Amino acid sequence: MGKAANYENELATELRLGLLGTDHHEPEKQSFPLSLVIKSNKRSSSEMDYNSSDKCEQDSAPPPKAQVVGWPPVRSYWRNALQQQKKTESDVSGMYVKVSMDGAPYLRKIDLRVYNNYPELLKALEAMFKCTIGVYSEREGYSGSDNAPTYEDKDGDWMLVGDVPWNMFVTSCRRLRIMKESEAKGLGCL
Amino acid sequence: MNQLWKMDPNIKKTKNSADSANYPEAIQSPSQFPDEVLEKVLSMLHSHKDRSSVSLVCKDWYNAERWSRTKIFIGNCYSVSPEIVARRFPRIKSVTLKGKPRFSDFNLVPQNWGANIHDWLVMFAKVYPLLEELRLKRMTVSDESLEFLAMSFPGFKALSLLSCDGFSTDGLKSIATHCKKLTELDIQENGIDDVSGSWLSAFPDNFTSLEILNFASLNSEVSFDALERLVSRCKSLKVLKVNKGIGLDQLQRLLVRAPQLMELGTGSFQQELMFRHCMELENAFRNCKNLQILAGLWDASYVYLHVLYPACSSLTFLNLSYATLRSDEFTKLIAHCPNLRCLWVLDTVEDKGLEAVGSCCPLLEEIRVFPAHPFDQDINHGVTESGFLAVSHGCRKLHYVLYFCQQMTNAAVATIVQNCPDFTHFRLCIMNPGQPDYLTDEPMDEAFGAVVKTCTKLQRLAVSGLLTDLTFEYIGKYAKNLETLSVAFAGRSDWGMQCVLGGCPKLRKLEIRDCPFGNAALLSGLKKYESMRSLWMSACNVTMNGCRLLAKEMPRLNVEVMKDEEDDSHVDKVYVYRSVAGPRRDAPPFVLTL
């Protein structure tokens with residue numbers, strides 16, 4: 001292996017750009033090849049700038065961390081596809097619907113996504129408006145109190161809360177209204 | 001095809017020659033089986049590795065093998081030439097070709113690097129007129145090539161393009177128009193010029209053979225009418241992956257026409273649906289009794305996920321890598337998927353979501369967790385070590401992981417591999433380069449040490465975090481079955497890389513970026529590179545002289561250098577691979593072959 005040793009000698013005396021090799025026995029603080037530091041200043045490189053749209057905003061913001069080409073290693077196609085996704089307001093911030101109660105001076109808003117079923121929703125409404133909502137039955141509607149929860153669906157019709165499966169309700173409910181029972185009876189009967 | 005490179009075209013094929021130098025057993029007597037019988041037996045061999053072994057037994061077997069081979073796999077298109085392939089294998093029907101180095105996926109390889117399919121197609125048209133299948137990965141493909149393909153092979157059946165570039169939807173139009181027997185068109189994640197969706201309408205009205213159609217990654221809208229009619233008349237359709245332009249109501253109509261689907265990629269999963277249509281969609285999913293794989297779900301609105309529930313119990317692979325679901329939303333969905341073997345998910349589901357995976361999916365074998373905000377390091381989102389721990393605790397059959405996270409500890413990884421010692425693929429990406437164990441502040445050496453010591457079947461490893469040379473000592477010493485290793489921002493000195501090259505007997509692919517490995521490390525692998533497919537080193541400490549020495553000592557390696565603009569001697573990128581075809585003739589100006 002004399003040849004290899006000669007080569008190694010040649011290379012050892014050669015000038016080169018890069019960090020001096022550290023002795024592997026000595027635990028030193030990790031330092032990276034210069035490329036990482038250099039690249040963070042190379043703003044002109046087109047490969048560098050993933051957030052080109054944010055460029056102007058960054059003037060006043062604190063200096064961003066060094067962006068490295070191709071890191072983290074996610075496929076550019078996938079990254080672009082994900083960034084293109086637009087979420088509507090209802091998905092990002094919840095499914096908020098207005099809730100009115102007859103006699104109350106102002107309306108409220110609740111996020112339907114927070115609840116898993118009708119009992120949870122009704123309990124929340126009761127707490128919000130400090131009222132009691134009756135017990136639901138398919139035949140009678142809500143009995144046992146003055147109030148009945150109703151909602152306006154996508155067709156614009158006013159429906160009694162509880163008739164349809166929960167998931168169907170969540171997707172079709174536009175707004176809620178807690179009606180006085182006397183009015184609500186008109187909705188419930190055939 | 002890992003032995004193909006050993007095939008020197010100058011070997012004289014004389015009968016009964018006692019050239020035991022080339023063949024281990026010099027067979028003096030004629031083969032015990034008639035050639036036809038041997039060929040028939042060998043035609044039942046499908047694995048490439050088996051076929052390569054067979055071809056080395058003796059001359060007769062070499063010939064019988066080459067005549068009976070119908071499928072060819074070329075992991076590096078430059079390791080061999082079209083001429084050599086054509087000369088050796090006369091009866092090929094299926095070709096798989098891979099081109100650019102893997103780091104080209106992350107913008108580390110400049111445009112116009114090469115890997116163009118055209119010369120291959122010209123040769124195939126001459127020698128393999130009965131070609132049926134072409135599967136390309138990271139190749140450059142032009143519209144002209146696609147048209148040439150469509151016109152040259154009347155029996156052509158399957159085209160799969162993954163991470164390719166250079167073509168447009170016009171090229172797809174040629175395929176749709178002319179390939180009368182097409183069964184598969186699979187277009188995934190390519191750098192494609194998306195001109196229009198009219199290509200889909202080019203399938204003739206009497207065309208009915210399609211079984212696999214994947215155009216999920218194309219942006220332009222196709223004619224829904226054309227798609228619906230296509231799906232209706234292709235009764236054998238098993239795989240359908242549509243793009244974002246297809247909405248929920250349209251999805252329902254497609255599912256009604258193709259309830260036999262085994263694999264579905266939905267389009268956009270967010271649309272104002274009347275609840276009547278919601279119920280219809282849910283019923284459509286209920287009727288898909290064979291559905292095993294589900295993907296797509298762009299812009300997935302939680303509100304509509306419930307329509308999937310009837311189909312979830314038979315799912316084995318769920319790909320949510322485009323659906324930004326929160327942990328509570330995801331938890332409800334995953335509870336319906338007890339038979340999942342494979343899950344791809346975004347880190348928006350957070351540790352809580354992964355805990356649900358651990359509870360609900362005991363059969364899980366593969367999990368990939370992708371970062372929703374890979375470049376927003378200031379945002380405190382995503383998954384940590386506890387999510388990974390939870391999955392390993394509940395899913396003891398786990399053997400494949402790809403995990404992007406913000407923090408990790410040595411202790412967690414040690415526990416994870418104790419829970420799941422059968423890992424074959426362990427790809428951990430701690431996203432902040434050089435980050436230590438966040439609890440102890442130590443390097444992550446012991447984590448990967450635990451991985452290679454415990455997981456004896458490990459084939460693929462990607463390391464990250466703060467790593468000294470000790471990690472590589474462990475890898476070289478323990479990773480006896482390791483074939484692919486990816487390293488970034490790691491190591492202290494040449495010794496690290498030397499350990500890997502000195503150990504790891506089965507190493508085939510080594511890709512390194514931003515590490516302090518220099519010429520001594522590069523040259524320590526002199527003898528090893530011929531048994532590997534390729535080596536990639538970028539932003540390391542390698543110089544032109546080192547690369548020249550390597551090229552001089554090992555003439556059967558191609559040593560390709562992409563130089564740093566600022567410094568003539570420093571090498572920015574070097575790509576080393578074995579080849580029987582010699583230096584490539586199509587190298588662009590920025591690639592120097594030494």
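Everything quoted here is computed from the prediction, not taken from an experiment. (Residues numbered from 1 in each chain as written. Chains lettered and ligands numbered in written order. Predicted model: local features only at pLDDT ≥ 70, side-chain atom pairs only at ≥ 80, totals over all residues. Heavy atoms only, no water.)

### Topic: the overall build of chain B
Phase 1 of the analysis: A tally of helices and strands in chain B yields 20 helices and 23 strands.
Phase 2 of the analysis: Over its C-alpha atoms chain B spans a radius of gyration of 26 Å, differing by no more than 12% from the 25 Å that the globule rule assigns to 594 residues.
Phase 3 of the analysis: For chain B, the C-alpha atoms occupy an extent of roughly 75 × 65 × 55 Å along the three principal directions.
Phase 4 of the analysis: Residues counted as buried form 60% of the 594 residues belonging to chain B.
Phase 5 of the analysis: Taking contacts inside chain B between residues at least 6 apart in sequence as the whole, the part at least 24 apart equals 70%.
Phase 6 of the analysis: Accessible surface for chain B amounts to roughly 22600 Å². Of this, 51% is attributable to carbon and sulfur atoms.
Phase 7 of the analysis: A gap of 8 Å separates the mean positions of the 66 positive and 68 negative side-chain charges of chain B. (Helix = DSSP H or I, 4+ residues; strand = E, 2+ residues; numbered from the N terminus. Rg over C-alpha atoms; globule rule 2.2 N^0.38 Å. Buried < 20%, exposed > 50% of the residue type's maximum accessible area, 1.4 Å probe, protein only. Contact = heavy atoms within 4.5 Å. Areas by Shrake-Rupley, 256 points an atom, 1.4 Å probe, with all protein chains shown as cover. Lys, Arg positive; Asp, Glu negative; His and termini not counted. Charge placed at Lys NZ, Arg CZ, Asp CG, Glu CD.)

### So, the overall build of chain A
Phase 1 of the analysis: Summing up its helical and strand segments, chain A has seven helices and seven strands in all.
Phase 2 of the analysis: Starting at the N terminus, the α and β elements of chain A follow one another as α-α-α-α-β-β-α-β-β-β-β-α-β-α.
Phase 3 of the analysis: Classification of the 190 residues of chain A by burial places 38% in the buried group.
Phase 4 of the analysis: For chain A, contacts bridging at least 24 residues in sequence account for 39% of all contacts bridging at least 6.
Phase 5 of the analysis: Carbon and sulfur atoms make up 53% of the accessible area of chain A, which amounts to about 11700 Å² in all.

### Examining the pattern of salt bridges
Residue and element names in this part refer to chain B.
Phase 1 of the analysis: One pass over the full model with this rule turns up 28 salt bridges over all chains.
Phase 2 of the analysis: Linking R91 and E39 is a salt bridge whose minimum nitrogen-to-oxygen distance equals 3.7 Å. Of this pair, R91 sits in the loop between helix 4 (82–88) and strand 2 (94–98) while E39 sits in helix 1 (residues 35–42); the two residues are 52 residues apart in sequence, bridging distant segments of the chain.
Phase 3 of the analysis: Overall, the relative accessible area of 19% leaves E39 in the buried class.
Phase 4 of the analysis: The salt bridge partner of R135 is E133, with a shortest N-O separation of 3.2 Å.
Phase 5 of the analysis: Judged by relative accessible area, which is 24%, R135 ranks as partly exposed. (Salt bridge = Lys/Arg side-chain N within 4 Å of Asp/Glu carboxyl O.)

### Observations concerning the side chain of R533 of chain B
Residues and elements named next belong to chain B.
Phase 1 of the analysis: One can find R533 in the loop between helix 19 (519–524) and strand 20 (534–538).
Phase 2 of the analysis: E483 is the oppositely charged side chain nearest to the buried, salt-bridge-free R533, at an N-O distance of 7.7 Å.
Phase 3 of the analysis: Within the structure, R533 has its side chain in polar contact with the backbone oxygen of G75 (distance 3.5 Å).
Phase 4 of the analysis: The contacts of R533, once residues within four sequence positions are left out, are F73, G75, N76, K98, R508, K509, V576, Y577 and R578. (Polar contact = N/O pair within 3.5 Å; in protein donor to acceptor, adjacent residues only side chain to side chain.)

### Re unusual backbone geometry
Phase 1 of the analysis: The omega torsion across W71 of chain A and P72 of chain A is -10 degrees, close enough to zero to call that bond cis.
Phase 2 of the analysis: Along the chain, P72 of chain A turns up in the loop between helix 2 (34–41) and helix 3 (76–83).
Phase 3 of the analysis: At A115 of chain B, a residue that is not glycine, the phi angle is positive and equals roughly 60 degrees.
Phase 4 of the analysis: Topologically, A115 of chain B is positioned in the loop between strand 2 and helix 5 (118–127).

### What about the pairing of strand 20 of chain B?
Residue and element names in this part refer to chain B.
Phase 1 of the analysis: With respect to burial, strand 20 is a largely interior element, five of its five residues being buried.
Phase 2 of the analysis: Side chains S534, W536 and S538 of strand 20 all project onto a buried face; the interleaved residues L535 and M537 project onto the opposite face, where all are buried too.
Phase 3 of the analysis: Bridging between strand 19 (residues 509–513) and strand 20 involves five bridges; their strand directions are parallel. Counted as the bridge partner of R513 is S538 from strand 20.
Phase 4 of the analysis: Chirality of the crossover, the property in question, places the unit of strand 19, helix 19 and strand 20 among those that are right-handed.
Phase 5 of the analysis: Pairing analysis gives five bridges linking strand 20 to strand 22 (residues 571–578), with the strands arranged antiparallel. In the sheet register, L535 faces strand 22, and the bridge partner there is V576. (Pairing = 2+ DSSP bridges. Right-handed = clockwise from strand over helix to strand, strands pointing away.)

### Some points on the packing of aromatic side chains
Phase 1 of the analysis: Going through the model one piece at a time under the given rule, you end up with 26 aromatic pairs over all chains.
Phase 2 of the analysis: When the centroid spacing of 4.8 Å and the interplanar angle of 85 degrees are considered together, the rings of Y151 of chain A and F169 of chain A count as edge-to-face. Taken together, the positions of Y151 of chain A in strand 5 (residues 147–152) and F169 of chain A in helix 6 (residues 166–172) put the pair 18 residues apart, joining distant regions of the chain. Of the two residues examined, Y151 of chain A and F169 of chain A, each falls in the buried class.
Phase 3 of the analysis: Grouped by ring-pair contacts, the aromatic residues Y78, F103, F106, W113, W536, Y575 and Y577 of chain B constitute a single cluster.
Phase 4 of the analysis: Above the face of the Y78 of chain B ring, R584 of chain B is positioned so that its terminal group lies 4.4 Å from the ring centre.
Phase 5 of the analysis: The cationic tip of R584 of chain B hangs over the ring face of W113 of chain B; the distance from NZ or CZ to the ring centre is 4.2 Å. (Phe/Tyr/Trp six-rings, centres within 6.5 Å; stacked < 30°, edge-to-face > 60°. Lys NZ or Arg CZ within 6 Å of the ring centre and 35° of its normal.)

### Concerning helix 1 of chain B
Residue and element names in this part refer to chain B.
Phase 1 of the analysis: Of all the positions in helix 1, only L38, E39 and L42 are classed as buried. Axial view of helix 1: buried residues confined to an arc of 100 degrees, hence all on one face. Across helix 1 from its buried face, at more than 90 degrees, point the exposed residues E36 and K40.
Phase 2 of the analysis: Residues of helix 1 that are buried make contact with helix 2 (48–55) and helix 3 (59–68). (Arc of directions from axis to C-beta.)

### Quick word on helix 14 (residues 385–394) of chain B
Phase 1 of the analysis: Residues of helix 14 of chain B that are buried include every one of E385, G387, F388, A390, V391 and S392 of chain B, and no others.
Phase 2 of the analysis: Packed against the buried residues of helix 14 of chain B are helix 13 (350–360), strand 14 (366–370), strand 15 (400–405), helix 15 (410–419) and strand 16 (425–430) of chain B.

### Comments concerning the packing of helix 1 of chain B against helix 3 of chain B
All names here are of chain B.
Phase 1 of the analysis: The geometry of helix 1 relative to helix 3 is characterised by a closest axis approach of 9 Å and an angle of 60 degrees between their N-to-C directions. With respect to helix 3, the element helix 1 is oriented oblique. Crossing of helix 1 over helix 3 shows right-handed handedness. Contact residues: helix 1 offers L38, E39 and L42, while helix 3 offers D60, W61, A64, E65, W67 and S68.
Phase 2 of the analysis: Here the residues of the contact of helix 1 with helix 3 sort into five nonpolar, one polar and three charged. (Axes fitted to C-alpha atoms, helices over the stretch in contact; angles between N-to-C directions. Parallel < 35°, antiparallel > 145°, perpendicular 65-115°, else oblique. Left-handed = near helix turned anticlockwise from the far one by under 90°. Nonpolar A, V, L, I, M, F, W, Y, C, P; charged D, E, K, R; others polar.)

### Comments concerning the environment of K180 of chain A
All names here are of chain A.
Phase 1 of the analysis: Its place among the elements puts K180 in strand 7 (residues 175–180).
Phase 2 of the analysis: With 77 residues separating them along the chain, K180 and G103 place their C-alpha atoms 9.1 Å apart.
Phase 3 of the analysis: Residues within four places of K180 in sequence aside, it is in contact with D102, D146 and N147.

### Quick notes on the confidence of the model for chain A
Residues and elements named next belong to chain A.
Phase 1 of the analysis: Predicted confidence across chain A gives a mean pLDDT of 66, with 54% of residues reaching 70 or more.
Phase 2 of the analysis: The low-confidence segment residues 1–65, where pLDDT is below 50, has 80 contacts with residues more than four positions distant or belonging to other chains.
Phase 3 of the analysis: Of the regions scoring below 50 in pLDDT, residues 86–93 engages in 15 contacts with residues more than four places distant in sequence or in other chains. (pLDDT = per-residue confidence, 0-100.)

### What to know about the nonpolar core
Within soluble globular proteins, side chains that are nonpolar tend to cluster in buried spots.
Phase 1 of the analysis: F169 of chain A together with F426 of chain B are the most contacted members of the largest nonpolar core, which has 215 residues in total.
Phase 2 of the analysis: Look past the residues within four positions of F426 of chain B in its chain and what remains in contact with it is F388, V401, V413, V417, F448, V451, L458, R460, L461 and A462 of chain B.
Phase 3 of the analysis: Among the nonpolar cores identified, the runner-up in size contains 23 residues, and W78 of chain A together with I293, F404 and C429 of chain B belong to it. (Core = buried A, V, L, I, M, F, W, Y, C linked by side-chain atoms within 4.5 Å.)

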